[in-house]
Amino acid sequence: MIFKNYNQELTTPDSQLDLVKKVVIVDGMIGGGKNLISSIVSSLPNIEMWLHKPNIEQICVLHYQGHITLDATKTLIKTWMEEEIYNQSMSRNTNFKPSDYSSVFYDARPMRYFKRLFKSPLKAIESIKKEMPTLNIMTHVNTSYAKPLFDALGERLIYIRFVRHPMSTYMIKHNANWTKRWETGGRHGYMLYKTIDQNSKSINLPFFVKDFEKNYLNSNSTERAILLFEQWIRSGDDFIDKVNKSTKATIFEIPFEKFVFDPQMYINKIALSLGVKPDNKTNKMIRKQGVPRSSLTDAPKSKVYSNLGWKSPKKKFTLAKNFAQGRAYAAETASPEALSILDKLAKDYEERHDLNI
C-alpha cells in the first residue's frame, strides 16, 4: 500500500486477497426475490450462508458519487472480504437470531456455524486455506455502482444479477411503500440525503433520485416507484452490457420469472462456475423455497413477506394476466407519462430476457 503526499492515493496489489478465493454477489431490485436465489446458492457445497453487507453498497455509491477514489474503494472491499471470510470461519458476528431469514437457522447447513464457535483463530485460518469456502453476499440495486467490486475481485467474482419484471402489483406496491419509509428516515442500510419538498418541509430521499429529484418530489408513491424502476433497470442494463466486454468475472443475469419455473438449469450453471455440484442439501432447499412453481404467484407462506404487503392470490394467473393486473393497479393513481415509462420498461425487459408473455 503506497501513500502519495497529501492526496493519499492508494494502490493495492492483487495479492492482498489471500484468504478469499471466490465471492458470489447476488444483486437485484428491492422485493426482487434475492432471498430465494441466495438461499439456494448458499445450499451448494462449500458456499457460505448469504450475508447482507450494506457497507459494500455504501462504499460503491461513495465512489460513484466521487467522494472516494477507486483505489481506496478497492482497498476497503478487499480488506472487508478478507475479514468476512475470517470471521465466518469461527462464527464471529454470525447471525443466530431465529426469526431472521439471514440467520443460520434458515441456512441449509446450520451446524457448521455452531461447530465453528469453538474454533481458535489459528485453526480458523488453517481451515479456510484447506477448504477454500466461497463468500455469498447480497446487495440491493447496486449493479449500477458495482465497478469497484469487479475491479477489486476480478476473476474471483461470480456476479448474479437477479432481475424481475417491473409490471406486477406486488413490485409496484412494495417499492411504493419503500418511498414512504425513506421519507421518515427508514434507512435500513440505504444512503439518504435531506432536501426540501414542495411544501417547504424537510424530507429524506434515497440517493438514487438525485438526478431526477424535482420529478420525484412532484410524483405520488406509485409514480415514484416507476421512476425508481426506470433508473435501476436502465442504468443496471447499461453497466452489465459495458462490463461484460472487459471483466474476467463470471456474470449471470437471471430473470425471476424464468428461475421460478426452471431453477435447476440456473443452479447447475452457477454450481459449475464455482467448481461444485448440487447435492441433497441443495435439492432440499430448492423444495423449501417452493420452486419450480406452476404459477408465478405460487410461493411458500411467509410472515415476513405478508407483513410487507404480499398476498397470495386465490387463482393462478398466466404471466400476461399477472402483468395486466399490475398495470391496472398502477393506472389507478399513476399519470399517463408514468404509465408510458412502465409500458416501455416492461416491453424492453421482456425482449432483453426473452420472456414470452
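The shown structure was predicted, so the numbers you read here are calculated from the model rather than taken from an experiment.

Describing the overall build of the protein chain
Part 1 of the argument: A tally of helices and strands in the protein chain yields 15 helices and seven strands.
Part 2 of the argument: For the protein chain, buried positions account for 51% of its 357 residues.
Part 3 of the argument: Restricting to contacts in the protein chain with at least 6 residues of sequence separation, those with at least 24 account for 72%.
Part 4 of the argument: Entry remark: accessible area of the protein chain is about 17500 Å², with carbon and sulfur atoms responsible for 52%.

What about a positive patch on the surface?
Part 1 of the argument: On the surface, Lys281, Lys284, Arg287 and Lys288 cluster together to form a positively charged patch.
Part 2 of the argument: Tracing the backbone through its elements, the reader meets Lys284 in helix α12 (residues 280-288).
Part 3 of the argument: Taking the relative accessible area as the measure of exposure, Lys284 reaches 56% and is therefore exposed.

Quick word on helix α1 (residues 34-42)
Part 1 of the argument: Burial runs high along α1: nine of the nine residues are buried.
Part 2 of the argument: Among the residues of α1, those classed as buried are Lys34, Asn35, Leu36, Ile37, Ser38, Ser39, Ile40, Val41 and Ser42.

A closer look at the pattern of salt bridges
Part 1 of the argument: Inspection of every chain in the model, using the stated rule, returns 18 salt bridges.
Part 2 of the argument: The salt bridge partner of Asp18 is Lys129, with a shortest N-O separation of 3.8 Å. Here Lys129 lies in helix α5 (residues 121-131) and Asp18 lies in the segment before β1 (23-28), a separation of 111 residues in the sequence.
Part 3 of the argument: The salt bridge involving Arg112 is made with Asp107; its shortest N-O contact spans 3.0 Å.
Part 4 of the argument: Owing to a relative accessible area of 16%, Arg112 belongs among the buried residues under this scheme.
Part 5 of the argument: Residues joined in a network through salt bridges with shared partners are Arg161, Asp237, Asp241, Glu253 and Arg352.

Notes on the packing of aromatic side chains
Aromatic ring pairs: the centre-centre distance and the angle between the two ring planes describe each pair.
Part 1 of the argument: All chains considered together, the criterion is met by 16 aromatic pairs.
Part 2 of the argument: Aromatic pair Phe259 and Tyr266: ring centres 6.1 Å apart, planes at 40 degrees, arrangement tilted.
Part 3 of the argument: What links up through ring pairs into an aromatic cluster is the set Tyr64, Tyr145, Trp178, Trp182, Phe207, Phe208, Phe229 and Trp232.
Part 4 of the argument: Directly above the aromatic system of Trp178 lies the positively charged group of Arg181, at a separation of 4.0 Å from the ring centroid.
Part 5 of the argument: A cation over a ring is seen here: Lys210 above Tyr193, with NZ or CZ 5.3 Å from the ring centre.

Overview of α12
Along an α-helix, a turn takes 3.6 residues, which lines up residues three or four apart on a common side.
Part 1 of the argument: Along α12, the positions that sit buried rather than exposed are Thr282, Met285 and Ile286. Considered in projection along α12, the buried side chains sweep an arc of 105 degrees and stay on one side of the axis. Exposed residues pointing more than 90 degrees away from the buried face of α12 are listed as Asn280, Lys284 and Arg287.
Part 2 of the argument: Contact partners of the buried residues in α12: α1 and α11 (263-274).
Part 3 of the argument: Where α12 starts, the residue carrying a side-chain oxygen 3.1 Å from the main-chain nitrogen of Lys281 turns out to be Asp279.
Part 4 of the argument: At the exit of α12 stands Gly290, carrying a positive phi of roughly 75 degrees.

Some remarks on the nonpolar core
Part 1 of the argument: Counting residues in hydrophobic clusters, the biggest one holds 93 residues, and the most contacted among them are Met81, Trp182 and Phe208.
Part 2 of the argument: Examining the composition of this core, we find that nine residues originate from one element, helix α9 (residues 221-243), more than from any other.
Part 3 of the argument: Beyond its immediate chain neighbours, meaning those up to four positions away, Met81 contacts Leu17, Val20, Val23, Ile25, Ile56, Leu135, Ile137, Leu149 and Leu153.

What to know about unusual backbone geometry
Part 1 of the argument: A cis amide bond, omega 0 degrees, links Val291 with the succeeding residue Pro292.
Part 2 of the argument: For Ser91, which is not glycine, the phi torsion reads 60 degrees and is therefore positive.
Part 3 of the argument: Within the secondary structure, Ser91 sits in the loop between α3 (70-88) and α4 (111-116).
Part 4 of the argument: The phi torsion at Val141 lies on the positive side, around 35 degrees, for a residue other than glycine.

What to know about the pairing of strand β5 (residues 192-196)
Part 1 of the argument: Bridge count between β5 and strand β6 (residues 202-206): five bridges; the pairing is antiparallel. Note that in β6 the partner of Lys194 across the bridge is Asn204.
Part 2 of the argument: Where β5 folds back on β6, the antiparallel hairpin that results is connected by five residues, among which Ser200 adopts a positive phi of roughly 65 degrees.

Some thoughts on the pairing of β1
Part 1 of the argument: In terms of burial, β1 is largely enclosed, as six of its six residues are buried.
Part 2 of the argument: Burial along β1 is two-sided: Val23, Ile25 and Asp27 and Val24, Val26 and Gly28, pointing in opposite directions, are all buried.
Part 3 of the argument: Relative to strand β3 (residues 135-140), β1 runs parallel, the two sharing six bridges. Directly across from Asp27, in β3, lies its bridge partner Thr139.

Definitions and limits used
Residues numbered from 1 in each chain as written. Predicted model: local features only at pLDDT ≥ 70, side-chain atom pairs only at ≥ 80, totals over all residues. Heavy atoms only, no water. Helix = DSSP H or I, 4+ residues; strand = E, 2+ residues; numbered from the N terminus. Buried < 20%, exposed > 50% of the residue type's maximum accessible area, 1.4 Å probe, protein only. Contact = heavy atoms within 4.5 Å. Areas by Shrake-Rupley, 256 points an atom, 1.4 Å probe, with all protein chains shown as cover. Patch = residues over 30% accessible without salt bridge, like charges linked within 9 Å, V, L, I, M, F, W, Y side chains within 5 Å. Salt bridge = Lys/Arg side-chain N within 4 Å of Asp/Glu carboxyl O. Lys, Arg positive; Asp, Glu negative; His and termini not counted. Charge placed at Lys NZ, Arg CZ, Asp CG, Glu CD. Phe/Tyr/Trp six-rings, centres within 6.5 Å; stacked < 30°, edge-to-face > 60°. Lys NZ or Arg CZ within 6 Å of the ring centre and 35° of its normal. Arc of directions from axis to C-beta. Polar contact = N/O pair within 3.5 Å; in protein donor to acceptor, adjacent residues only side chain to side chain. Core = buried A, V, L, I, M, F, W, Y, C linked by side-chain atoms within 4.5 Å. Pairing = 2+ DSSP bridges.

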